[in-house]
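Chain residues, written in single-letter form:
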Amino acid sequence: MTELPKILVAPNGARRQKSDHPAIPLDNDALIADCIRCAEAGAGGVHAHIRDAQGRHSLDPDLYKDLLARLDQALPGWFVQVTSESAGRYSAADQRNLIEVLRPKSVSVAIREFIPDPDDLTKARQSYHRARENDVRIQHICYSQTDLNWLTQLIENGTIPGNTHQVQLVLGSYDGSRKSRAEDIEEFIDPMLALKGSHAFDWMLCAFGHQETECLLTALKLGGKARIGFENSLWNRDGSLAKNNAERVEELVSLAAAEGIGV
């Protein structure tokens, strides 16, 4: 399995608009230009959301095919991950369809969205197994330790196949109702550590809000990886508004180097 890059940039997400920050890339042209700048700044890949003509979150396979083809030309060999996020617009069936039709090299999947109801478990299992058969690498998104415990159960009972797994841990929330705190990370990762030996986890962290930088540095020190960018936070470590996604990447690369962490 291809490993996740040490730093993955998330330039736009499903919700933010130009009104949140003028440098949010919404269409594929802007997203590709942003990716080039972020690659130059030190990002090893992108977690990419696409938007429709109205700027709304989309799971349109054709829009994704256009993005993937053009990114492959602009940045050959760069890690590109698509999202299956529902964002209140798409069902579990829509998410499964995206993976089946697009067959991307990498896709992020939140188990709470992929299995919203026990009745979805059988179809989710089939989708997880087909993805593995088709060499689609799934990064499992966990918004809480409850989600992570659920993920480990799905791994142990065979719903999710294999013994090597990519995980995205999320601290905080869009609306700020849950805060991002670096001190919560060690306890958060405990369910993965309990399976260490029989299973291997390639894990990454993202964090909403002003504490993004501190949380990502802590994750890197603990052996994890970092997802950074305007999907989760618009601010630099000192609280100033970042100019663009590349500035966020540059800051994290510089701070990691100062700590002796290679990225």
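A. Broad picture of the environment of P25. Relative to the assigned elements, P25 resides in the loop between β1 (7-9) and α1 (28-41). Residue classification places P25 among the buried positions, given a relative accessible area of 2%. Sequence separation between P25 and N12 is 13 residues, and the spatial gap between their C-alpha atoms is 6.0 Å. Those residues in contact with P25 that lie beyond four places of it in its chain are P11, N12, A30, L31, D34 and N245.

B. Representation of helix α9 (residues 212-221). Within α9, seven of the 10 residues are buried, which leaves it mostly tucked inside the rest of the structure. Considered for burial, the residues of α9 that qualify are E212, T213, C215, L216, L217, A219 and L220. Against the buried residues of α9 lie β8 (164-171), α7 (185-188), β9 (200-207), β10 (225-228) and α10 (245-258). Once α9 finishes, G223 follows within two positions and takes phi at roughly 95 degrees, a positive value.

C. Inspection of the sheet that holds β1 at higher detail. Strand order in the closed barrel formed by eight strands is β1-β2-β5-β6-β7-β8-β9-β10, with parallel pairing between adjacent strands. Direction aside, neighbouring strands of the sheet carry axes that sit 30 degrees apart on average. Examined bridge by bridge, strand β7 (residues 137-142) and β8 share four bridges and lie parallel to one another. Residue C142 lies in a different strand from β8, and its bridge partner there is L169.

D. Region of interest: the pattern of salt bridges. Considering all chains together, one arrives at 19 salt bridges under this definition. When the shortest N-O distance is used, the salt bridge between D34 and R37 registers 3.2 Å. Highlighted residues: D34 and R37, both in helix α1, separated by three residues, approximately one helical turn. With a relative accessible area of 1%, D34 lands in the buried category. Take R37: its relative accessible area is 39%, and that puts it in the partly exposed class. The partner of R112 in a salt bridge is D147, with the nearest N and O atoms 3.0 Å apart.

E. Here's a closer look at the nonpolar core. In this structure, Y128, V167, L169, W203 and L205 are the most contacted members of the largest nonpolar core, which totals 63 residues. If near-sequence neighbours (up to four positions away) are discounted, Y128 is found in contact with V109, I111, F114, I115, I138, H140, T159, I160 and P161. With six residues, the next largest nonpolar core counts I141, Y143, C206 and F208 among its residues.

F. Molecular detail of the packing of aromatic side chains. Following the criterion strictly, the structure yields two aromatic pairs and no others. Consider the rings of F114 and Y128, whose centres lie 5.2 Å apart with planes at 55 degrees: the pair is tilted. In this pair, F114 is assigned in helix α4 (residues 111-114) and Y128 in helix α5 (residues 121-133), connecting sequence segments 14 residues apart. For F114, a relative accessible area of 1% translates into the label buried. Residue Y128 is classed as buried on the basis of its relative accessible area, which comes to 2%. Seen from their ring centres, Y174 and F208 are 4.6 Å apart, and the 55 degrees between their planes marks the pair as tilted. Highlighted residues: Y174 in the loop between β8 and α7 and F208 in the loop between β9 and α9, separated in sequence by 34 residues. The buried category is assigned to F208, whose relative accessible area is 10%.

What counts as what
Residues numbered from 1 in each chain as written. Predicted model: local features only at pLDDT ≥ 70, side-chain atom pairs only at ≥ 80, totals over all residues. Heavy atoms only, no water. Helix = DSSP H or I, 4+ residues; strand = E, 2+ residues; numbered from the N terminus. Buried < 20%, exposed > 50% of the residue type's maximum accessible area, 1.4 Å probe, protein only. Contact = heavy atoms within 4.5 Å. Pairing = 2+ DSSP bridges. Axes fitted to C-alpha atoms, helices over the stretch in contact; angles between N-to-C directions. Salt bridge = Lys/Arg side-chain N within 4 Å of Asp/Glu carboxyl O. Core = buried A, V, L, I, M, F, W, Y, C linked by side-chain atoms within 4.5 Å. Phe/Tyr/Trp six-rings, centres within 6.5 Å; stacked < 30°, edge-to-face > 60°.

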